[in-house]
Each structure stands twice: as structure tokens, then as C-alpha cells.
Amino acid sequence: MIVAGFILLAVGSADLVRQFAPHRWIGYLTVAVILLLFGSVSDALLPMILGLGVGALWVWCMPSARRAPLGFWPAVLLGVLSIGSVVWLGARTDAGLIGSVWSVRSPFGEVPFDLAILTVGTGVFLLESANLVVRAALDGEHTWRPAELRRPAVLDTADSQAAASDAPVAHPVVPGVQADEGATGVIGVGASETATAEQADPAGDANAVPARDPRAGFKGGRLIGPLERILVMLLTLAAAYPILAAMLAAKGIVRFPEISRDGETGARAEYFLVGSLVSWVIGLGAAFLVWWAAHS
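Conventions and cut-offs
- Residues numbered from 1 in each chain as written.
- Predicted model: local features only at pLDDT ≥ 70, side-chain atom pairs only at ≥ 80, totals over all residues.
- Heavy atoms only, no water.
- Phe/Tyr/Trp six-rings, centres within 6.5 Å; stacked < 30°, edge-to-face > 60°.
- Helix = DSSP H or I, 4+ residues; strand = E, 2+ residues; numbered from the N terminus.
- Expected span 1.5 Å × (residues − 1).
- Buried < 20%, exposed > 50% of the residue type's maximum accessible area, 1.4 Å probe, protein only.
- Contact = heavy atoms within 4.5 Å.
- Patch = residues over 30% accessible without salt bridge, like charges linked within 9 Å, V, L, I, M, F, W, Y side chains within 5 Å.
- Areas by Shrake-Rupley, 256 points an atom, 1.4 Å probe, with all protein chains shown as cover.
- Salt bridge = Lys/Arg side-chain N within 4 Å of Asp/Glu carboxyl O.
- Axes fitted to C-alpha atoms, helices over the stretch in contact; angles between N-to-C directions.
- Parallel < 35°, antiparallel > 145°, perpendicular 65-115°, else oblique.
- Core = buried A, V, L, I, M, F, W, Y, C linked by side-chain atoms within 4.5 Å.
- Bend = angle between axes of the 7 residues up to and from the residue.
- pLDDT = per-residue confidence, 0-100.

Digging into the packing of aromatic side chains
Taken as a whole, this structure holds 4 aromatic pairs when the rule is applied. These aromatic residues form a ring-pair network of at least three members: Phe-288, Trp-291 and Trp-292.

Okay, structure coming up:
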């Protein structure tokens, strides 16, 4: 149990440092010192060192600014390692120095130090690390394509307008989409107008609008996702299943107007379904991990 707690706490803390700390090396050092302190007073230096090692590997395998090189597999391995350490290793009988003074009660009974570390580590992991897991799942299923799928619709609109006016077709260029001539386009208008603009503007590419990441429009998920996973874990542990079902249904109702505008591509619906299901599975898995540890 303590092994899974230190692993999840190290991974979650490292991702919070990567996301919010202005000086990462200071944040990493602070996390290492805090974990060293916890490991020393709880007679768990080996689990603490293992947690630091797994956290370092996680930072390398799951980068925050680019696609994960190993895809979704680091998250799967982390889940297997956490569940295995809780199921097979179980709880310790002696929590070291802090065990003699530790006394925390809850409505469900006494909370051992190892269970507290596991619960805190699980909660920290659900904040930012789970966002990386959801992003890796979306990348692996190629559900970042809604912005690119707008190109056929834009071209069809241009064709219909040109046919109505008997004018040559001027295909707009969509950001980040490969043009017919083989060049990656930026926001613009027709080919002839683009050429005229280039002749009139000696700066050329200096004033071109850079291609945007399709993920830029979904930054609200960084706040909604963690809150949703925390609520899923808490409501599941509290056995408040009707409230949990109502919350998940409400999310689908709120997102329905946006999904209904998808047209024939279904890109937004796929994005919503994949992201939500992965997020819910992580929240339910965290609740199962804490529940098993509390009843083992």
C-alpha cells in the first residue's frame, strides 16, 4: 500500500511542478525533500526511492508539451504497478516513527498512515497526471482531428460560391492542413489573392499566422477534468451512486448542443466520448484502489 502511495504521490507532484512551478528544478527538489521526510519518519525509504524513480521515468515517458513517445502504455504500466502493490503487498503492521503518534479518524473508522499516503497520492495524481493520460489516449486514437476535418466543409463552401458566381474556385487554406500544392497553409483566402498579398508585402512569411494546435480550444478541460475525477472518486467511495449517475448525465446534457453541431464527421462526439470515458475510468480506478486498501 505504501509503495503505491509514494509512487502516485511522486508522479502527481512531478506533473504539478511541470505545469505550475516557474522554476522546475526548485519544485522537483522540494518534492524530493518532502518525500524523503515522509519516507524517513514512516520507515519507508525503499518505497520512497522507488516512487522517485518511477516519477522520473514518468516525466520522461509522458511529456507535457508534445506527444508521448510511448503512447498510452506508461499509464497502463503505472496502473498495474499501483494495483499490484496494493493487492499483493497489502498494509504494513508498523508505520515507523510516525506510526506511534499518528491518529486520524474518519466516519468509517481509523485511517492508518499508509492509507492516508495512498489517498493523498491518488488525489494528487488525479489533478494533472490524469490530464496527461487522457491526452495520450486522445492522441493514440487520433481524436485531435476536428480542426483538420473542417477543410472539406470549407472547400465545399468555396466551390458552391464559385459555381454561383461563375468565378474561379479559390480554396481557402486551413491552418496546419497540407495544401494541394504540397505546402502547409496558414489562414488565408484564394491562391490568387495570396500571391497578390505576397507581392504587396515584402515581409512575406513574417506576417503569416502560425498554425494552431487543435488542442488549444479545449483548455477548460484542465480544470473540469480534475474536478470531475475527484468527484467521481469521492462519490464512489461514499456509495452515492445516484448522485454520480446524475452528474455524469448532466455533463452529457450540457455538451449535447456542441456535439449536435458535429455534422457528418462526429469528431467532437468522439473527442467527448473518448476523453470522458478515460477520465471516468481513472476516477473509478482511483476509488477502487483506495477502497481495496481500506478493506484489505
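Right, picking up where we left off after that structure.
As for helix 4 (residues 73–89)
For the α-helix, the turn length of 3.6 residues means that residues three or four positions removed from each other point alike. Compared with an ideal rise of 1.5 Å per residue, which puts 17 residues at 24 Å, helix 4 spans 23 Å between its outermost C-alpha atoms and is within 8% of the ideal. Those residues of helix 4 lying buried are Pro-74, Ala-75, Leu-78, Ser-82, Gly-84, Ser-85 and Val-86. The elements touched by buried residues of helix 4 are helix 1 (2–20), helix 3 (45–61), helix 5 (113–127), helix 6 (129–140) and helix 11 (267–295). Backbone geometry just downstream of helix 4 places Gly-90 in the positive-phi region, at approximately 70°.

Some remarks on a nonpolar patch on the surface
Together, Ile-83, Val-87, Trp-88, Leu-237, Phe-288, Trp-291 and Trp-292 make up an exposed nonpolar region whose accessible area comes to about 700 Å². Those elements that provide at least two residues to the nonpolar patch are helix 4 and helix 11. Within the secondary structure, Ile-83 sits in helix 4. A relative accessible area of 38% means that Ile-83 is categorised as partly exposed.

Looking at the packing of helix 5 against helix 11
Running from N to C, helix 5 and helix 11 point in directions that differ by 175°, and their axes come no closer than 10 Å. Comparing the axis directions of helix 5 and helix 11 gives the class roughly antiparallel. Each of Leu-115, Leu-118, Thr-119, Thr-122, Phe-125 and Leu-126 in helix 5 lies in contact with helix 11, whose residues at this interface are Ile-282, Ala-286, Leu-289, Val-290, Ala-293 and Ala-294.

Overview of the nonpolar core
In terms of nonpolar packing, the biggest core is built from 50 residues, with Trp-58, Leu-78, Leu-118, Phe-125 and Ile-282 touching the most fellow members. At the level of secondary structure, the elements contributing two or more residues to this core comprise helix 1, helix 2 (24–41), helix 3, helix 4, helix 5, helix 6 and helix 11. Among the elements that line this core, the one with the most residues is helix 1, at 10 residues. Beyond its immediate chain neighbours, meaning those up to four positions away, Leu-78 contacts Ile-7, Leu-8, Val-11, Val-54, Trp-58 and Phe-125. Of all hydrophobic cores here, the second largest spans 5 residues; its members include Val-232, Leu-235, Leu-244 and Trp-280.

Notes on helix 10 (residues 241–260)
With 20 residues, helix 10 ought to run about 28 Å at 1.5 Å a step, and its terminal C-alpha atoms sit 28 Å apart, in line with that. Along helix 10, the sharpest kink reaches roughly 35°, centred on Val-254 and followed within four residues by the proline Pro-257.

A word on the pattern of salt bridges
As enumerated under the stated definition, the model contains 4 salt bridges in all. Notably, a salt bridge pairs Arg-18 with Asp-15, separated by 2.4 Å at the nearest N-O pair. Note that Arg-18 and Asp-15 are positioned in helix 1 at a spacing of 3 residues, about one turn of the helix. Across the pair Arg-105 and Glu-110 runs a salt bridge, and its minimum N-O distance is 3.1 Å. In this structure Arg-105 comes out as exposed when scored by relative accessible area, which is 62%. Exposure remark for Glu-110: the relative accessible area of 42% places this residue in the partly exposed category.

Considering the confidence of the model for the protein chain
When the pLDDT values of the protein chain are averaged, the result is 77; 71% of them are 70 or greater. Note that residues 145–160 has pLDDT below 50 and, in this model, 19 contacts with residues that lie over four places away or in other chains.

Re the environment of Leu-132
Tracing the chain through its elements places Leu-132 in helix 6. Since its relative accessible area comes to 5%, Leu-132 is described here as buried. Each C-alpha atom of the pair Leu-132 and Ala-68 lies 8.9 Å from the other, and the pair is 64 residues apart in sequence. Apart from residues lying up to four places away in sequence, Leu-132 is in contact with Asp-15, Arg-18, Trp-58, Met-62, Pro-63 and Ser-64.

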